[in-house]
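# Fold and geometry: a report
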Amino acid sequence: MANTPSAKKATRKIAARTAINKSRRSRVRTFIRKVEEAITAGDHATAFAALKAAEPEIHRAATKGIVHANLAARKVSRLNSRVKALAV
C-alpha cells in the first residue's frame, strides 16, 4: 500500500496508463481480427481493405510502446503475405 503522496500519485498514473494501453491493445486486436476473418472467408478485396486499415494501427501501437516494433512489422508482413495469397 502506497503511503507517500508521490507513491499514491504514481499508483494513479499507472492505473490510468494501464487503462489506455488496454484500450489500444484491444483496438489493435480488433483490426487484426477483421483481417483474419476476411482471409478465412476468402474475400481478397475485403481482406486487402482491412489490412490497409490495420497496418497503421499496428505500427501506431508499436510507436506507443504497446507492442515491440519487430512484432508489429512481423504481424503486418505475415498478414500481407496471406492477403496476397488470396489474390491467386
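Structural notes, computed from the coordinates. (Residues numbered from 1 in each chain as written. Predicted model: local features only at pLDDT ≥ 70, side-chain atom pairs only at ≥ 80, totals over all residues. Heavy atoms only, no water.)

## What to know about the side chain of glutamate 57
- Within the fold, glutamate 57 resides in helix α2 (residues 44-63).
- In this structure glutamate 57 touches Arg27, Val28 and Phe31, once residues within four positions along its chain are discounted. (Helix = DSSP H or I, 4+ residues; strand = E, 2+ residues; numbered from the N terminus. Contact = heavy atoms within 4.5 Å.)

## Structural notes on the nonpolar core
- One finds Val35, Ile39, Ile58, Leu79 and Val83 to be the most contacted residues of the largest nonpolar core, which totals 18 residues.
- Contributing elements (two or more residues each) for this core: α1 (5-41), α2 and α3 (69-87).
- Ranked by residue count, the leading element in this core is α2, at seven residues.
- Once you skip the residues sitting within four places of it in the chain, isoleucine 39 turns out to touch Ala47, Leu79, Arg82, Val83 and Leu86. (Core = buried A, V, L, I, M, F, W, Y, C linked by side-chain atoms within 4.5 Å. Buried < 20%, exposed > 50% of the residue type's maximum accessible area, 1.4 Å probe, protein only.)

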